[in-house]
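# Close look at the chain arrangement
Take a look at the letters that make up each chain.
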Amino acid sequence: MNTKNQERREDEKEKPKETKEEKQREQEKQKEQEKQEGRQSHVFGRYLRQRRKAMLAFLVYGIIFGVVFFLYKLEWEAVLYASGLCGLLTAVAAVPDFCRYRAAHEERLRILRNVELLPKELPKPESLGEDDYQEMLWKLKAVFDDNMNLWQRERMESMDYYTTWVHQIKTPISVMRMILQDEDTEEHRELLAELFRIEQYVEMALNWVRLGSDSMDFVFRECDLDHIIRQAVHKYAPQFVRRRIRLSYQPVDKKVLTDEKWLLFIIEQLLSNAVKYTREGGVSIKVTEEDVLEIADTGMGIAAEDVPRIFEKGFTGYNGRADKKSTGLGLYLCSLTAKKLSHKIWAESWAGQGTVVYLDLHREKLEVE
């Protein structure tokens, strides 16, 4: 990769952008907040609409009394005085009624915000209609719980099956590797390379199942970053040799707080993509002073319109469609794993020049006072 491109990358390097999922969650949160504020601002209007029948009846009664008083030729001062007193008493009675109405509304909003945690804190029904609605809610909750339990059982059975399958398929793969390694021929080397790809897809399937599990086996501790990177490089060394791709890596002396196994999985996936889409040139690995791991390649690059979506599930982009072998899961699993490890991952790419993927391993140090 020439110096001009490296300088360009340094100039264009920026902090990681929010993923599409994060933006969507933020927009949903903002919409919900605006909705709550709208509800609060329209409480009085809703109160008036709900009491419109009573107000209409009061107005009709007032007209009836006015007509009767007019027919009996009573003085209008008496009529207006009586009407004013009735209106004043009604307004005085409406103030505490509105306060109770608003308090009940705020209590329902509180329960709505914590509806999964506080299912039994519904307010006591004040009418037969409210009692019927609460009974319907409890029936729906019972149906939902039954369906959720059924789904969880089926999910656990499916995960157990795939986990068992992945472990069982490793045995014939190991046997095939031993047979192919007995004789060093060009054909056997090609078959070993394809067998390596099969192993990678099997590992990806197993990690996919593990990431979807409720019980994750994360073990966070201070890890030697150089040791983790060397494991990934050693695993992909035959692929670099076979493709005649240059690898540039300077050992680092850094400790990072992470899970070694899952960080290794991310680095392996990034190296796999770098090797896969690099026809000539090389791949470089370096760690900045800010604990940002950079994996750069001189491959075909990614189209500008595809870059914001490369971490989406199933997205293959132009390169994936051209290759016809891309699953669109590798970078998605990297993003999902990085999020669970509280690491940030983002990428920059230039079509025809290469790609750089950044993994921010920096963590703020917490001090106990």
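Computed from a prediction, not measured in an experiment: that's the story for all the values here.

## Comments concerning the overall build of the protein chain
The number of helices and strands found in the protein chain is 11 helices and seven strands. Within the span of the protein chain, comprising 369 residues, buried residues form 31% of the whole. Across the protein chain, the fraction of contacts at a sequence separation of at least 24, relative to all contacts at a separation of at least 6, is 69%. Total accessible area on the protein chain stands at roughly 25,500 Å², and carbon and sulfur atoms take up 57% of it.

## A few points about a positive patch on the surface
A cluster of basic residues, R46, R49, R52 and K53, forms a positive patch on the protein surface. For R46, a relative accessible area of 48% gives the class partly exposed.

## Focus: the sheet that holds strand β6 (residues 344-350)
Strand pairing in a sheet relies on backbone hydrogen bonds. The paired strands run either parallel or antiparallel. Strand order in the open sheet made by the five strands is β2-β4-β5-β7-β6, with mixed pairing throughout. Each end of this open sheet is capped by a strand with a single partner; those strands are β2 (246-249) and β6. Looking at each pair of strands side by side, their axes are set apart by 10 degrees on average, direction ignored. Strand direction decides the pairing type here: strand β5 (residues 292-297) and strand β7 (residues 354-360), joined by six bridges, are antiparallel. Its bridge partner lying in β7, I295 is registered against V357.

## Quick notes on unusual backbone geometry
If you check the backbone angles, R244 has positive phi at about 60 degrees while not being a glycine. Examined against the element boundaries, R244 turns out to sit in the loop between α8 (225-243) and β2. On the basis of relative accessible area, R244 is assigned to the exposed category, the value being 73%. Positive phi outside glycine occurs at D291, with the angle close to 60 degrees. Within the element layout of this structure, D291 appears in the loop between β4 (282-287) and β5. Exposure remark for D291: the relative accessible area of 17% places this residue in the buried category.

## Things to note about helix α4 (residues 52-71)
With 20 residues, α4 extends 29 Å from end C-alpha to end C-alpha; this agrees with the ideal 28 Å at 1.5 Å per step. In the segment just after α4, K73 is the residue with positive phi, at about 55 degrees.

## Considerations on the pattern of salt bridges
Across all of its chains, the model carries 16 salt bridges by this definition. Residues D97 and R51 are paired through a salt bridge, measuring 3.2 Å at the closest nitrogen-oxygen approach. Taken together, the residues D97 in helix α5 (residues 76-113) and R51 in the loop between α3 (43-50) and α4 connect sequence positions 46 residues apart. Three or more residues joined by partner-sharing salt bridges are found here, namely R51, D97 and R100.

## Re the nonpolar core
The biggest cluster of nonpolar side chains holds 45 residues, and the ones touching the most others in it are I229, I267, L271 and L293. Looking at this core, the elements that each hand over two or more residues are α7 (186-211), α8, α9 (260-276), β4, β5, α11 (330-340), β6 and β7. Sorting elements by how many residues they give to this core places α9 first, with 10 residues. Discounting chain neighbours no more than four positions away, the residues touching I229 are Y249, I267, I285, V287 and L293.

## A closer look at the packing of aromatic side chains
All told, the structure shown has 10 aromatic pairs when counted by the stated rule. Look at F218 and W262: their rings are 5.8 Å apart centre to centre, the planes differ by 55 degrees, and that puts the pair in the tilted class. Placement of the pair is F218 in the loop between α7 and β1 (221-224) and W262 in helix α9, with a sequence separation of 44 residues. On the basis of relative accessible area, W262 is assigned to the buried category, the value being 0%. For the ring pair W262 and F265, a centre distance of 5.9 Å and an interplane angle of 85 degrees mean the geometry is edge-to-face. With W262 and F265 both in helix α9 and three residues apart, this pair spans about one turn of that helix.

## Things to note about α8
With 19 residues, α8 extends 26 Å from end C-alpha to end C-alpha; this agrees with the ideal 27 Å at 1.5 Å per step. Taken as a whole, α8 carries its principal kink of about 50 degrees at Y236; the proline P238 stands between one and four residues after it. Listed as buried for α8 are L225, D226, I228, I229, A232, V233, Y236, Q239 and F240. Regarding α8, its N-cap is D224, as a side-chain oxygen of that residue lies 3.2 Å from the backbone nitrogen of D226 further along. Where α8 terminates, the next one or two residues include R244, which has phi positive at roughly 60 degrees.

## Points about the packing of α8 against α9
For the pair α8 and α9, interaxial distance at closest approach is 9 Å and the crossing angle is 25 degrees. When the axis of α8 is compared with that of α9, the two are roughly parallel. Crossing of α8 against α9: the hand is right-handed. Contacts from L225, H227, I228, I229, Q231, A232, V233, K235, Y236, Q239, F240 and R243 of α8 reach α9 at E260, L263, L264, I267, E268, L271, S272, V275 and K276. Along the lines of polarity and charge, the residues of the contact of α8 with α9 split into 12 nonpolar, four polar and five charged.

Parameters at a glance
- Residues numbered from 1 in each chain as written.
- Predicted model: local features only at pLDDT ≥ 70, side-chain atom pairs only at ≥ 80, totals over all residues.
- Heavy atoms only, no water.
- Helix = DSSP H or I, 4+ residues; strand = E, 2+ residues; numbered from the N terminus.
- Buried < 20%, exposed > 50% of the residue type's maximum accessible area, 1.4 Å probe, protein only.
- Contact = heavy atoms within 4.5 Å.
- Areas by Shrake-Rupley, 256 points an atom, 1.4 Å probe, with all protein chains shown as cover.
- Patch = residues over 30% accessible without salt bridge, like charges linked within 9 Å, V, L, I, M, F, W, Y side chains within 5 Å.
- Salt bridge = Lys/Arg side-chain N within 4 Å of Asp/Glu carboxyl O.
- Lys, Arg positive; Asp, Glu negative; His and termini not counted.
- Charge placed at Lys NZ, Arg CZ, Asp CG, Glu CD.
- Pairing = 2+ DSSP bridges.
- Axes fitted to C-alpha atoms, helices over the stretch in contact; angles between N-to-C directions.
- Expected span 1.5 Å × (residues − 1).
- Core = buried A, V, L, I, M, F, W, Y, C linked by side-chain atoms within 4.5 Å.
- Phe/Tyr/Trp six-rings, centres within 6.5 Å; stacked < 30°, edge-to-face > 60°.
- Bend = angle between axes of the 7 residues up to and from the residue.
- Polar contact = N/O pair within 3.5 Å; in protein donor to acceptor, adjacent residues only side chain to side chain.
- Parallel < 35°, antiparallel > 145°, perpendicular 65-115°, else oblique.
- Left-handed = near helix turned anticlockwise from the far one by under 90°.
- Nonpolar A, V, L, I, M, F, W, Y, C, P; charged D, E, K, R; others polar.

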